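Per-entry structural report
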Amino acid sequence: MHSLKRAIKLKVKSELRYIRTLSTVSDIRIYEVGPRDGLQNESKFVPTDVKVELIHKLAAAGIKNIECASFVSPKWVKQMSDGIDVMKTIKRSPGVNYPVLIPNLKGYETAMKCNIEEVAIFPAGSEGFSQKNLNCSVEEGLKRFKEVAVQAVKDGLRVRGYISCVVGCPYDGPIHPKGIAKITEELFEMGCYEVSLGDTIGVGTAGSVQRLMREVLKVAKPENLALHFHDTYGQGLSNLLAGLEFGIKTVDSSISGLGGCPYARGATGNLATEDLVYFLYGLGVNTNVDLVKLIEAGRYISNFLGKMTESRVNRALSDRFKNHSDIVKIAACTVN
Ligand SMILES: CC(C)(COP(=O)([O-])OP(=O)([O-])OC[C@H]1O[C@@H](n2cnc3c(N)ncnc32)[C@H](O)[C@@H]1OP(=O)([O-])[O-])[C@@H](O)C(=O)NCCC(=O)NCCSC(=O)C[C@@](C)(O)CC(=O)[O-]
């Protein structure tokens with residue numbers, strides 16, 4: 001009887017904390033990864049002008065952080081081999097951040113030829129994925145990324161860290177949150193301003209995200225963390241809710257739900273940006289993103305790729321809704 005009462009008390013306490021946190025969710029920073037994470041897995045080469053147009057459309061929709069390219073080995077990911085051209089061609093809008101992904105000093109030197117302000121480094125949270133994705137151990141990867149981070153900080157750039165496979169790895173299975181917390185700490189020590197926790201194969205659930213957050217928040221503040229969910233098992237938004245409960249302020253997403261990693265077997269697209277924005281408007285968070293323009297950007301790239309959008313919101317909001325505020329009303333379930 002006593003333990004039942006205690007369990008009910010704990011449940012009520014946790015529900016109250018949840019409602020309190022969600023009612024104060026505001027200022028969520030959206031970090032769009034479509035032009036990089038979204039496209040890197042596409043087998044058909046996307047011409048530079050299409051990549052550039054997509055980036056312009058995202059910026060026009062009001063997205064303020066757009067990861068545009070990666071400077072990885074073209075032998076490993078051919079789709080990203082035109083990073084220099086992309087970065088040299090885009091017309092940069094004031095107030096928009098255009099980061100790029102960097103695997104090593106060679107990639108960094110190339111990226112520095114094209115006016116870069118932010119770089120992202122990406123160690124793996126598991127040995128198996130590190131070997132497949134970076135051709136080295138986690139420790140060796142961290143050493144290489146540290147060289148990049150130290151140089152970038154010296155050059156006055158912002159450095160973002162990703163950790164991939166934070167919940168599960170296609171080669172090693174479930175991943176313990178303690179190891180992820182340790183890598184998070186190392187990334188901050190290298191000079192990262194933010195660490196994005198990547199569920200690369202999308203196996204996470206609200207429960208595993210809670211366990212991860214409890215461990216990682218022992219070494220980091222929620223405002224310095226980002227969440228990067230692939231939606232393979234359809235858990236993206238519920239995982240995000242679990243993360244928001246801990247005060248997370250930055251969320252990665254990909255236009256039209258594109259995405260996947262060529263070296264992560266079974267990985268599918270990221271949480272779709274259209275779904276994320278609709279969800280945030282529903283919570284009363286004003287993202288300043290124009291949903292009509294965002295949906296157009298999603299359709300632009302899906303049409304080019306010849307596939308149906310993975311965004312449920314994009315699919316649901318057919319051409320009936322041409323007005324951003326009408327869509328926001330649907331999201332917030334408000335009536336005049
Ligand atoms: C790390 C390496 C380069 C090691 O690849 P390696 O083959 O071991 O490299 P190496 O150092 O032995 O060099 C071999 C050759 O590659 C060249 N090379 C070496 N580096 C570069 C470079 N930067 N740019 C251009 N060329 C390069 C180098 O110069 C050399 O050329 P050669 O002498 O034979 O002519 C390779 O494994 C690689 O590029 N991996 C990246 C794979 C990738 O892009 N994966 C997807 C991104 S990660 C991801 O999506 C997850 C994330 C971040 O989104 C989070 C999540 O979703 O959860």
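This text follows the structure it describes.
Residues numbered from 1 in each chain as written. Predicted model: local features only at pLDDT ≥ 70, side-chain atom pairs only at ≥ 80, totals over all residues. Heavy atoms only, no water.

Scanning the chain for helices and strands turns up 14 helices and 10 strands. Here the C-alpha atoms of the chain give a radius of gyration of 19 Å, agreeing with the 20 Å that 2.2 N^0.38 yields for 336 residues. Its C-alpha atoms give the chain principal-axis dimensions of about 65 × 50 × 35 Å. Out of the 336 residues in the chain, the part that is buried amounts to 53%. Counted over contacts in the chain with a minimum sequence separation of 6, partners at least 24 positions apart contribute 75%. (Helix = DSSP H or I, 4+ residues; strand = E, 2+ residues; numbered from the N terminus. Rg over C-alpha atoms; globule rule 2.2 N^0.38 Å. Buried < 20%, exposed > 50% of the residue type's maximum accessible area, 1.4 Å probe, protein only. Contact = heavy atoms within 4.5 Å.)

With that settled, the discussion passes to helix α9 (residues 206-216). Buried within α9 are the following residues: Ser208, Val209, Leu212, Met213, Glu215 and Val216. Looking straight down α9, one finds that the buried residues subtend no more than 165 degrees of arc, so they occupy a single side. (Arc of directions from axis to C-beta.)

Before going further, it helps to spend a moment on the pattern of salt bridges. All told, the structure shown has 14 salt bridges when counted by the stated rule. Of the charged contacts in the structure, one is a salt bridge between Arg36 and Asp37, with a shortest N-O distance of 3.7 Å. Note on Arg36: relative accessible area 5%, which makes it buried. A salt bridge links Lys182 to Glu186; its shortest N-O distance comes to 3.1 Å. Here Lys182 pairs with Glu186, and both are found in helix α8 (residues 177-190), just 4 residues apart, close to one helical turn. Taken together, the shared-partner salt bridges in this structure form one network comprising Arg29, Arg160, Glu194 and Asp252. (Salt bridge = Lys/Arg side-chain N within 4 Å of Asp/Glu carboxyl O.)

Turning to the environment of Gly173, a few remarks are in order. In this structure, Gly173 sits in strand β7 (residues 173-174). Between the C-alpha atoms of Gly173 and His228, which are 55 residues apart in sequence, the distance is 19 Å.

The end-to-end C-alpha separation of α8 is 20 Å, in line with the 20 Å expected for 14 residues at 1.5 Å each. Listed in full, the buried residues belonging to α8 are Pro177, Ile180, Ala181, Ile183, Thr184, Leu187 and Met190. Residues of α8 that are buried sit in contact with β4 (118-121), α7 (138-154), β5 (158-163), β8 (194-199), α9 and β9 (225-229). Backbone geometry just after α8 places Gly191 at a positive phi near 115 degrees. (Expected span 1.5 Å × (residues − 1).)

Let us look at the site of the ligand. Not every one of the 26 residues close to the ligand is listed here, only the nearest: Gln40, Asn104, Asn133, Asn135 and Thr200. At a separation of 2.7 Å, an oxygen atom of the ligand approaches a polar side-chain atom of Gln40. One of the side-chain nitrogen or oxygen atoms of Trp76 is found 3.3 Å away from an oxygen atom of the ligand. Taken by itself the ligand offers 1,100 Å² of open surface, and the protein chains cover 74% of this. When atom positions are compared with the pocket grids, the ligand is found to occupy the largest pocket. (Near = heavy atom within 4 Å. Polar contact = N/O pair within 3.5 Å; in protein donor to acceptor, adjacent residues only side chain to side chain. Areas by Shrake-Rupley, 256 points an atom, 1.4 Å probe, with all protein chains shown as cover. 1 Å grid on protein atoms, 1.4 Å probe; cavity = no way out; pocket = protein on both sides within 12 Å on 5 of 7 lines; lining within 4 Å. Sits in = over half its atoms within 2 Å of the grid points.)

Further remarks concern the layout of surface pockets. Taken as a whole, the largest pocket spans an internal volume of roughly 760 Å³. Surrounding the largest pocket, 39 residues form its lining, Val72, Ser73, Pro103, Phe122 and Leu134 being those nearest its centre. For the lining of the largest pocket, the secondary structure elements donating two or more residues are α2 (34-38), α4 (83-89), α5 (105-111), α6 (127-134), α7 and β5. In terms of residue class, the lining of the largest pocket is built from 18 nonpolar, 16 polar and 5 charged. The computed volume of the second largest pocket comes to approximately 320 Å³. Lining the second largest pocket we find 18 residues, and of these Gly257, Thr268, Gly269, Asn270 and Glu310 sit closest to its centre. Considered class by class, the residues forming the lining of the second largest pocket number 2 nonpolar, 9 polar and 7 charged. (Points joined across faces, edges and corners; volume = space filled by probe spheres on them. Nonpolar A, V, L, I, M, F, W, Y, C, P; charged D, E, K, R; others polar.)

Before going further, it helps to examine the environment of Leu237. Along the polypeptide, Leu237 turns up in helix α10 (residues 236-244). In the structure, Leu237 is positioned 137 residues away from Val100 in sequence and 25 Å away in space, judged by C-alpha atoms. Aside from chain neighbours lying at most four places away, what touches Leu237 is Leu271, Asp275 and Phe279.

Relative orientation of the contacting elements α8 and α9 amounts to 45 degrees, with a least axis distance of 9 Å. The pairing of α8 with α9 is recorded here as oblique in orientation. For the element pair α8 and α9, the recorded crossing hand is right-handed. Contacts between α8 and α9 involve Pro177, Lys178, Ile180, Ala181 and Thr184 on the former and, on the latter, Arg211, Leu212, Glu215 and Val216. (Axes fitted to C-alpha atoms, helices over the stretch in contact; angles between N-to-C directions. Parallel < 35°, antiparallel > 145°, perpendicular 65-115°, else oblique. Left-handed = near helix turned anticlockwise from the far one by under 90°.)

Quick look at the packing of aromatic side chains now. The tally for this structure, following the rule as stated, stands at 2 aromatic pairs. Their ring planes at 50 degrees and their centres at 5.1 Å tell us that Trp76 and Tyr263 sit as a pair that is tilted. With a gap of 187 residues between them, Trp76 in the loop between β2 (69-70) and α4 and Tyr263 in the loop between β10 (250-253) and α11 (273-282) connect regions that are remote in the sequence. Residue classification places Trp76 among the partly exposed positions, given a relative accessible area of 32%. Between the aromatic rings of Phe122 and Phe145, the centroid separation amounts to 5.2 Å while the plane-to-plane angle is 50 degrees, which identifies the pairing as tilted. In this pair, Phe122 is assigned in the loop between β4 and α6 and Phe145 in helix α7, connecting sequence segments 23 residues apart. Note on Phe145: relative accessible area 1%, which makes it buried. (Phe/Tyr/Trp six-rings, centres within 6.5 Å; stacked < 30°, edge-to-face > 60°.)

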